[in-house]
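# Tertiary structure, described
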Amino acid sequence: RSHADDFGITKSVTEDILDCFNGPLNGTSIIPNGYEFDYAISQFKELDNKRLSVHINFLEGKPVTEIDQVPMLVGIDGLFHYSFFKLMKEYYLGSRKTKINLINQLKLEASAQLDKVKKSLPDGTAISIDSHQYFHMLPFLFKILVQLRNEYNISYIRIPKEKIFFYLKKET
């Protein structure tokens, strides 16, 4: 089994993934707020026997929900503004009120992204989940997705098995 992430993020990435379906690739993860979501989903519907996962995204682009519903997740430009570590810091060092508001906004946006994909697929289609830059592995986000599993017929949440490493640029 081979899998590609970022389906729908741009047209060129989407077309590269579509080309790979002619080879060993048999699954992809679509970014619900990707710039080419509609193109990607229409192309995916033309394929046979391929897997599609939802690539939950809280890192790049605009949210699927209205910006005023998720003000903590976006900057003044209306784009997501958290990195993995910045979101983790905001949650774990935040007040109880901050945590509650953050969880509510993350759940609202995750639901909107899942809704968008679910409405684009045939009724009853099981949904698999992963996320852009592994955001779903933050325990508080993972918990949200587990809470949503029945509502969205989530059959699988990807647990990465890759070794984690950090690249530190050496000053010369």
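Residues numbered from 1 in each chain as written. Predicted model: local features only at pLDDT ≥ 70, side-chain atom pairs only at ≥ 80, totals over all residues. Heavy atoms only, no water.

Turning next to the overall build of the protein. Scanning the protein from N- to C-terminus turns up 5 helices and 5 strands. From first element to last, N terminus to C terminus, the protein shows the α and β order β-α-β-α-β-α-α-β-α-β. Over its C-alpha atoms the protein spans a radius of gyration of 17 Å, differing by no more than 12% from the 16 Å that the globule rule assigns to 172 residues. The burial tally for the protein puts 42% of its 172 residues in the buried class. Total accessible area on the protein stands at roughly 10,400 Å², and carbon and sulfur atoms take up 52% of it. One finds the centroid of the 22 positive side-chain charges in the protein at a distance of 10 Å from the centroid of its 21 negative side-chain charges. (Helix = DSSP H or I, 4+ residues; strand = E, 2+ residues; numbered from the N terminus. Rg over C-alpha atoms; globule rule 2.2 N^0.38 Å. Buried < 20%, exposed > 50% of the residue type's maximum accessible area, 1.4 Å probe, protein only. Areas by Shrake-Rupley, 256 points an atom, 1.4 Å probe, with all protein chains shown as cover. Lys, Arg positive; Asp, Glu negative; His and termini not counted. Charge placed at Lys NZ, Arg CZ, Asp CG, Glu CD.)

For His136, the position within the fold is in the loop between strand 4 (127-131) and helix 5 (139-147). Classification of His136 as buried rests on a relative accessible area of 2%. Of note is the side chain of His136, whose polar atom sits 2.6 Å from the side chain of Ser131. In contact with His136, other than residues within four places in its own chain, are Asp130, Ser131, Leu141, Phe142, Leu145, Ile157, Arg158 and Pro160. (Polar contact = N/O pair within 3.5 Å; in protein donor to acceptor, adjacent residues only side chain to side chain. Contact = heavy atoms within 4.5 Å.)

Glancing now at helix 1 (residues 11-20). Those residues of helix 1 that sit buried are Thr14, Ile17 and Leu18. Angularly, the buried residues of helix 1 cover 100° about the axis, an arc narrow enough to put them on a single face. (Arc of directions from axis to C-beta.)

Here we take up the packing of helix 3 (residues 84-93) against helix 4 (residues 96-120). Closest axis-to-axis distance for the helix 3/helix 4 pair is 8 Å, and the angle between their directions is 135°. By the criterion of interaxial angle, the relationship of helix 3 to helix 4 is oblique. On helix 4, the residues that touch Leu87, Glu90, Tyr91 and Tyr92 of helix 3 are Thr98, Lys99, Leu102, Ile103 and Leu106. Across the contact of helix 3 with helix 4, the residue classes break down as 6 nonpolar, 1 polar and 2 charged. (Axes fitted to C-alpha atoms, helices over the stretch in contact; angles between N-to-C directions. Parallel < 35°, antiparallel > 145°, perpendicular 65-115°, else oblique. Nonpolar A, V, L, I, M, F, W, Y, C, P; charged D, E, K, R; others polar.)

Our focus in this paragraph is the pairing of strand 1 (residues 3-7). Summarising the sheet, strand 1 and strand 2 (residues 27-30) pair through 3 bridges and their orientation is parallel. Following the sheet pairing, Phe7 is matched in strand 2 by Ile30. As for the winding sense of the linkage, the β-α-β connection from strand 1 through helix 1 to strand 2 is right-handed. (Pairing = 2+ DSSP bridges. Right-handed = clockwise from strand over helix to strand, strands pointing away.)

Per the counting criterion, the structure on display carries 7 aromatic pairs. Centre to centre, the rings of Phe84 and Phe135 are 5.8 Å apart; their planes meet at 90°, and the pair counts as edge-to-face. On the criterion of sequence distance, the pair formed by Phe84 in helix 3 and Phe135 in the loop between strand 4 and helix 5 is long-range, its members being 51 residues apart. Overall, the relative accessible area of 1% leaves Phe135 in the buried class. Here a set of aromatic residues connected by ring pairs shows up, and it is made of Phe84, Phe85 and Phe135. Here Lys11 stacks its cationic end above the ring of Tyr39, 4.6 Å away from the centre of that ring. Here Lys99 stacks its cationic end above the ring of Tyr91, 5.4 Å away from the centre of that ring. (Phe/Tyr/Trp six-rings, centres within 6.5 Å; stacked < 30°, edge-to-face > 60°. Lys NZ or Arg CZ within 6 Å of the ring centre and 35° of its normal.)

A separate point is the nonpolar core. Of all hydrophobic cores here, the largest spans 41 residues; its most connected members are Phe58, Leu87, Leu106, Leu114 and Leu141. In contact with Phe58, other than residues within four places in its own chain, are Leu73, Phe80, Tyr82, Leu106, Glu109, Ala110, Phe135 and Leu141. (Core = buried A, V, L, I, M, F, W, Y, C linked by side-chain atoms within 4.5 Å.)

Further remarks concern the sheet that holds strand 3 (residues 51-56). Taken in spatial order, the 5 strands of this open sheet run 1-2-3-4-5, and their pairing is parallel. Looking along the sheet, the strands with just one partner apiece sit at the ends: strand 1 and strand 5 (154-157). Neighbour to neighbour, the strand axes of the sheet diverge by 30° on average, direction disregarded. The strands touched by helix 4 are strand 2, strand 3, strand 4 and strand 5; relative to strand 3, the strand with the most contacts, the crossing angle is about 155°.

Everything listed here is a matter of coordinates, which is why it stays silent on function.
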